[in-house]
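Overview (structure and organization)
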Amino acid sequence: MIKKHITYHLSLIMILALTLTSCERDADIDLPHVEPMLVLGGFISPDDDSVMITISKSDPIFDGKSIDADVNDVTLNISDGTTQKAMTLKENRFSGNSYFYISKSEFPIIPGKTYAINAESAGGLKASAECTTSLTEHVDIDSVIVDNTVHSDNYYTETKYNLIISFDDPAEKNYYRLYAQAVFRDSQGNIYYRNFNYDIHEYVLIDDKNSNGQRITSKLSFINYTTTGYPSELIGFDVYLLNIDEEYHKYYKSLDRVVFGEDPFSEPTLVYTNIKNGLGIFCSFRESKKSMRF
Amino acid sequence: MKRLILKFSACLCLILISFNAQSQNKRYTISGYIKEQGSGELLIGSSIFIPKTGDGAVTNNYGFYSITLPSDSFDIVFSMVGYEKKFFKIWLDKNITLNIEMSPSNNLSEVVIRDSAYHKISEDPNMSVIQIPVEQVKDIPAFMGEKDLLKVIQLMPGVQKGSEGNSGIYVRGGGPDQNLIILDDAPVYNAFHLFGFFSLFNGDALKSVELTKGGFPAHYGGRLSSVIDMSMKDGNKEEFHGEAGIGVIASRLLLEGPLKKNKSSFLISARRTYIDALIYPFLPANEKYGYFFYDLNAKVNYDFGQKNKIYLSGYFGKDKFYGSTHYADEQDKYGLKWGNSTATIRWNHLYNNKLFSNTSLIFSNYKFNTFEDYSYDGKKYSNRLYSGIRDYTIKHDFDYALHPDHFIKAGVIVQQHHFTPSGMTVKDENFPELNINKKTTYDALESGIYIEDNMRITNRWRANIGIRGSSFMVKKKQYYNIEPRISTSYMLQEDLSVKASYAVMNQYIHLLSTTGVGLPTDLWVPSTENVSPQHSEQVALGIAKDILPKNLTFTVEGYYKTSTKIIAYKEGASFLIIDDPLSNQEVDWQDNITSGTGWSYGAEVFLQRKRGKLTGWIGYTLSWTQLQFDELNFGKKYYARYDRRHDISVVAIYKISKKITLSGTWVYGTGNAITLPKAEYVIPQHQSGNSANDMPGIFLNMANDYGEKNSFRMAPYHRADIGIQFYKKLKRSERTFELSFYNLYNRHNPYFYYIGGSTENRKLKQVSLFPVLPSVSWTYKF
């Protein structure tokens, strides 16, 4: 709240000061020619039923045209050093975005192995990446404690749930991504899921550098707003603890600065990439889940 | 390093011992104070010259000089730029106290100085030092007519400005936090008004200003890049005088005069902007907002005689933005304010005619805070966010004029810093459980001890050799450092010398600054267990030439500076982030920063003319500045935002007649290195688990591909300003009318870029701040 007030006031003052005297025009500097690049997103795990690699193209900003979004001309192969398989291009029916798919039975992910992906478009765009699934162990969630506080008036009720999550960190270097989903039942009895509120942080990234080999406790918060006349019942939470590799951690750490960096006074954030000649990420994780029902 | 320091100390001792052996001949000392006739103002940097022996001395910051010579008869010449020279014949058979009064020179004719009486740059062992001509500050055209000392300093080679209109100082690749700005010994932590568009110093109350960019003498310490040492005027000891000025945005007033004739005087100087008062009647009754800043300098002194003098001086300044809305059931008041206050008590004591001491007790405080008081239906909400730094300092310095060949300075300084990087109070009557009252504070003790010898080794070879020990204690952590300093000059021929210097500097306090916009919200923080002191080493090599027949000085210097453990905000981090999005916990500023290394190197050319009808200078800087931080740009080296390949300043002041002065400046600088997006793309994100909010498992957001950090260059910056001043001598007073034009040829210099245009045809747009801006000011002096 305070952050928003200050941002608002400072921005207002700056804008006011600038508009009083400023003038704008097209910039007269030479902009370098930028080609589109392939954007790959692969988060692979021995625990998943399949491998999915999202695919898109970057859109050069100053080329005077909007992107040719078509990725149907792209092929992508995955290899574990001995076996190479072509993945199947699919389209996400909700978002219209594309991804490559291969099932576990066709191409299993095995801990300790190094995987490579190679993508190529008919137009000559190429991108590749490598990832070693170094994580051999699951780290299980040990306990989840939930407390809540309620504010209400005539129109709505605001309930804040704090989830205190604990687990034991193994001796080696580890990174984690911790998040949860709220589980609801609507008036027809259908179950649906909601991610934790964006503005108070959907997930937590943890680096065990200060607590290696110790018990780690972290917190996630969820605010449930219920309005009179729109009943829906919160029946529990599903908590996910992902034991992630260093690349995953670097990528999400840079990404979170982008996602949350709405602050006009901060430096532009460079998103980490380990894709050669492209953008995006190819990394691995292990997953543990704990379901709680009230 | 330790071996080097030991050798260095041994050398210093040997030189002193050998000197003592020679000094058994009968010698006597001439000493005293040099004052301005008519005002009693003590003159800093006046030159004392003995033509017969070639010996000389210069008055110190308190107008005192001392020179010891063998018993003989001498001619002695006292001189200073802008003053009539004084000549004396002396038979030296005992110690002599000789206080001098020098009268300002009003002669506009082209006096050619052919002798060596004036302090010559080629003879000074120090390098990378520029005396800022305070009187010229008033003649140089200024933005909105507001004379600004720091903007004049920006016109010197090796010094770069940040962005359009900004007073921020970047010296030899260092950041604005690496400059030690001291006013009568008191450090000034935020030297800017209105987000850096104006500095605190308009020059009215200043007597002398010296900029040191490298080859730092041992008596300075605590910052890596530069020292701007300012002394306030003492106030006229003989007559009451005043000066009033009205400008486009501010008015100012200076009063000075004796409290007890020739014994004690005062000076008070004030400035305030009035845009808030002017717009107030035009604002709706229930909605008010405004901005103002003010400065107040004050000084009193008492002269107890030759041996003791006491000075009390202070600066107080404040900026405030405020707004308020008033409705029947809803009131809101909000704003932000920041300000410095400093106070210094100084006691000059003369132990004997060779040993001068100054003891200072110093207070300095900088505070920034935002405020909001909101009430709705009688229920109140208020918040305050604040940060600041407060210092108490004690400092004791000695000047010992041991011999014409050895001028020793030594001293000790102890500073107690109290840092408040962040504090916050929230009071909410609707949700009392959300009330907050917390602050982070640090107390630290910084100390320094130094000795330096300004020596003449041979008739051609001079050096200033010194050593400084510094320490910093914060909580249980202690840092100690030894800083060797050396600068030396060798006369190749008359008026031409080659110079070299080496300086190690440590900086124990840091400014966390969001780049790009000079905000008062930048936080001063100490070195801690986790944040090491910043460290730099600088070598410089140059030549200095006095071209006496033309009244010109010419210097060329090359430098190479490495700075280690310098700090910067991590990407995406800034002072506004109070809670960490990753851990959902309050952010410790130490987690928001990253430390790295900087490399700066370059060359500076400076041609200056201080006397005559036409005065001014031409400065050119060729420089490179690169940075490397593990957590920025993925650990790769990149060019600093203010890396400037070419920087040119031309300043000319032409006194057409006693009634008219014409002045102009032209600046050119390579564009800043900035980060701009090259492309945008859908960022892949990962989520296992169930589809949430009826969306599939993988969510899609857009991000920019910036390529490498600071890989774009803004368009070059250039601008010309011109001013004309008309003086009129009235019966007992003088008035000046000035007309000036900022950005004379209306160059559209980029302030920042943004992406505009339609979705299909995006274009890089530039925003420029100031077109050609005329301004007028009127000054009345009595």
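Keep in mind it's a predicted model, so treat the numbers as computed, not measured.

About the criteria used
- Residues numbered from 1 in each chain as written.
- Chains lettered and ligands numbered in written order.
- Predicted model: local features only at pLDDT ≥ 70, side-chain atom pairs only at ≥ 80, totals over all residues.
- Heavy atoms only, no water.
- Helix = DSSP H or I, 4+ residues; strand = E, 2+ residues; numbered from the N terminus.
- Rg over C-alpha atoms; globule rule 2.2 N^0.38 Å.
- Contact = heavy atoms within 4.5 Å.
- Areas by Shrake-Rupley, 256 points an atom, 1.4 Å probe, with all protein chains shown as cover.
- Lys, Arg positive; Asp, Glu negative; His and termini not counted.
- Charge placed at Lys NZ, Arg CZ, Asp CG, Glu CD.
- Buried < 20%, exposed > 50% of the residue type's maximum accessible area, 1.4 Å probe, protein only.
- Pairing = 2+ DSSP bridges.
- Axes fitted to C-alpha atoms, helices over the stretch in contact; angles between N-to-C directions.
- Polar contact = N/O pair within 3.5 Å; in protein donor to acceptor, adjacent residues only side chain to side chain.
- Phe/Tyr/Trp six-rings, centres within 6.5 Å; stacked < 30°, edge-to-face > 60°.
- Lys NZ or Arg CZ within 6 Å of the ring centre and 35° of its normal.
- pLDDT = per-residue confidence, 0-100.
- 1 Å grid on protein atoms, 1.4 Å probe; cavity = no way out; pocket = protein on both sides within 12 Å on 5 of 7 lines; lining within 4 Å.
- Points joined across faces, edges and corners; volume = space filled by probe spheres on them.
- Nonpolar A, V, L, I, M, F, W, Y, C, P; charged D, E, K, R; others polar.
- Disulfide = S-S within 2.5 Å.
- Salt bridge = Lys/Arg side-chain N within 4 Å of Asp/Glu carboxyl O.
- Core = buried A, V, L, I, M, F, W, Y, C linked by side-chain atoms within 4.5 Å.

Time to look at the overall build of chain B. Of regular secondary structure, chain B possesses 4 helices and 48 strands. Over its C-alpha trace chain B gives a radius of gyration of 28 Å, about what one expects of a compact globule, namely 28 Å for 782 residues. Dimensions of chain B, computed from C-alpha atoms along their principal axes, come out at roughly 100 × 65 × 50 Å. Excluding contacts between residues fewer than 6 apart, the proportion of contacts in chain B whose partners are at least 24 apart in sequence is 66%. When the accessible area of chain B is evaluated, it comes to approximately 30900 Å², of which 58% is carbon and sulfur surface. For chain B, the distance from the average position of its 89 positive side-chain charges to the average position of its 77 negative side-chain charges is 7 Å.

To continue, consider the side chain of Q160 of chain B. Residues and elements named next belong to chain B. As for its placement among the helices and strands, Q160 is situated in strand β10 (residues 159-161). Judged by its relative accessible area of 3%, Q160 falls in the buried class. Once you skip the residues sitting within four places of it in the chain, Q160 turns out to touch G168, I169, Y170, T621, S623, Y642, R644 and D647.

Residues and elements named next belong to chain B. Pairing within the open sheet is antiparallel, and its 4 strands lie in the order β3-β2-β5-β6. Single-partner strands in this sheet number two, and they are β3 (55-58) and β6 (86-92). Strand-to-strand twist in this sheet, taken as the mean axis angle between neighbours without regard to direction, amounts to 20 degrees. Relative to β6, strand β5 (residues 72-79) runs antiparallel, the two being bridged by 7 bridges. Paired with F78 across the strands is K86, a residue of β6.

The next thing to look at is the sheet that holds strand β11 (residues 141-152) of chain A. For sheets, the rule is that strands pair by backbone hydrogen bonds, running either parallel or antiparallel. All names here are of chain A. On the basis of which strands lie adjacent, the open sheet formed by 3 strands has the order β11-β12-β16 and antiparallel pairing. A strand with exactly one partner marks an edge of an open sheet, and here the two such strands are β11 and β16 (215-227). For this sheet, the mean angle separating the axes of adjacent strands, direction not counted, is 15 degrees. Relative to strand β12 (residues 156-168), β11 runs antiparallel, the two being bridged by 11 bridges. Bridge pairing in β12 places S152 opposite T157.

Turning to the side chain of D238 of chain A, a few remarks are in order. Residues and elements named next belong to chain A. Locating D238 in the fold gives a position in strand β17 (residues 233-244). Of the polar contacts made by the side chain of D238, one reaches the side chain of S291; its length is 2.9 Å. At 3.0 Å, the side chain of D238 and the side chain of R293 are in polar contact.

Residues and elements named next belong to chain B. Counted by the stated rule, this structure contains 48 aromatic pairs over all chains. Seen in terms of ring centroids, Y560 and Y601 are 5.8 Å apart; in terms of plane orientation they differ by 20 degrees. Their pairing is stacked. Here the residue Y560 occupies a position in strand β34 (residues 552-569), and Y601 occupies one in strand β35 (residues 593-609), the gap between them amounting to 41 residues. Among the residues examined, Y560 registers a relative accessible area of 39% and is labelled partly exposed. Residue placement shows K288 over the ring face of Y280; its charged tip is 4.2 Å from the ring centre. Above the face of the Y33 ring, K309 is positioned so that its terminal group lies 4.0 Å from the ring centre.

Moving on, we come to the pairing of strand β26 (residues 406-428) of chain B. Residues and elements named next belong to chain B. Inspection of the sheet shows strand β25 (residues 379-403) paired to β26 by 21 bridges, in the antiparallel sense. If you follow I394 over to β26, its bridge partner there is V414. Linking β25 back to β26 in an antiparallel pair, the connection comprises 2 residues. Pairing geometry for β26 and strand β27 (residues 436-456), over 19 bridges, is antiparallel. Following the sheet pairing, I408 is matched in β27 by D453.

Turning our eyes to something else, we now look at the environment of R468 of chain B. Residue and element names in this part refer to chain B. Inspection of the secondary structure assignment puts R468 in strand β28 (residues 461-474). Under the relative-accessibility criterion, R468 is labelled buried at 7%. C-alpha separation for the pair R468 and A277, spaced 191 residues apart in sequence, amounts to 50 Å. Not counting residues within four places of it along the chain, the set of residues in contact with R468 comprises A218, H219, Y220, G221, I413, G448, I449, Y450, N481, I482, E483 and R485. A polar atom in the side chain of R468 sits 3.3 Å from the backbone oxygen of H219.

The next point concerns the confidence of the model for chain A. Residues of chain A with pLDDT of at least 70 account for 83%, and the chain-wide mean is 83. Within chain A, the lowest mean pLDDT, 53, falls on helix α1 (residues 2-21) of chain A, and the highest, 95, falls on strand β9 (residues 114-121) of chain A.

What follows deals with empty space enclosed by the protein. Residues and elements named next belong to chain B. As enumerated under the stated definition, the model contains 9 cavities of 30 Å³ or more in all. Lining the second largest cavity are 26 residues, and of these K151, Q154, L155, R719 and D721 sit closest to its centre. When contributions to the lining of the second largest cavity are tallied by element, the ones reaching two or more residues are α3 (149-153), β10, β38 (646-655), β39 (660-669) and β44 (717-729). Of the residues that constitute the lining of the second largest cavity, the class distribution is 13 nonpolar, 6 polar and 7 charged.

On to the state of the cysteines. All names here are of chain A. This model, assessed by the stated rule, comprises 0 disulfides over all chains. The cysteine C131 is free of any disulfide, with C283 supplying the nearest cysteine sulfur at 6.4 Å. A relative accessible area of 3% means that C131 is categorised as buried.

Looking now at the pattern of salt bridges. Pairing is possible between side chains of opposite charge, provided their charged atoms come close. Summed over all chains, the structure comprises 46 salt bridges over all chains. D142 of chain A is paired through a salt bridge with R215 of chain A; the nearest N and O atoms lie 2.6 Å apart. You can see D142 of chain A sitting in strand β11 and its partner R215 of chain A sitting in strand β16, a full 73 residues away along the chain. For R215 of chain A, a relative accessible area of 41% translates into the label partly exposed. Beyond isolated ion pairs, a larger network of salt bridges with shared partners links E41, D184, D185, K207, D234, K299, R346, K395 and D397 of chain B.

Residue and element names in this part refer to chain B. Counting residues in each nonpolar core, the largest one holds 74 residues, and the members touching the most others are I132, L149, I153, F201, L206, V209 and M230. By residue number, the principal contributor to this core is α3, which donates 4 residues. Each residue touching M230, except ones within four places of it in the same chain, is listed here: L149, I181, I182, L183, D184, F201, L206, S208 and V209.

Moving on, we come to the pairing of strand β17 (residues 226-232) of chain B. Residues and elements named next belong to chain B. Across the 7 residues of β17, 7 count as buried, placing the element largely inside the fold. Every second residue of β17 is oriented toward a common face, with S226, I228, M230 and M232 on one face and V227, D229 and S231 on the other, all of them buried. By the bridge criterion, 6 bridges tie strand β16 (residues 206-212) to β17 in an arrangement that is antiparallel. Paired with L211 across the strands is I228, a residue of β17.

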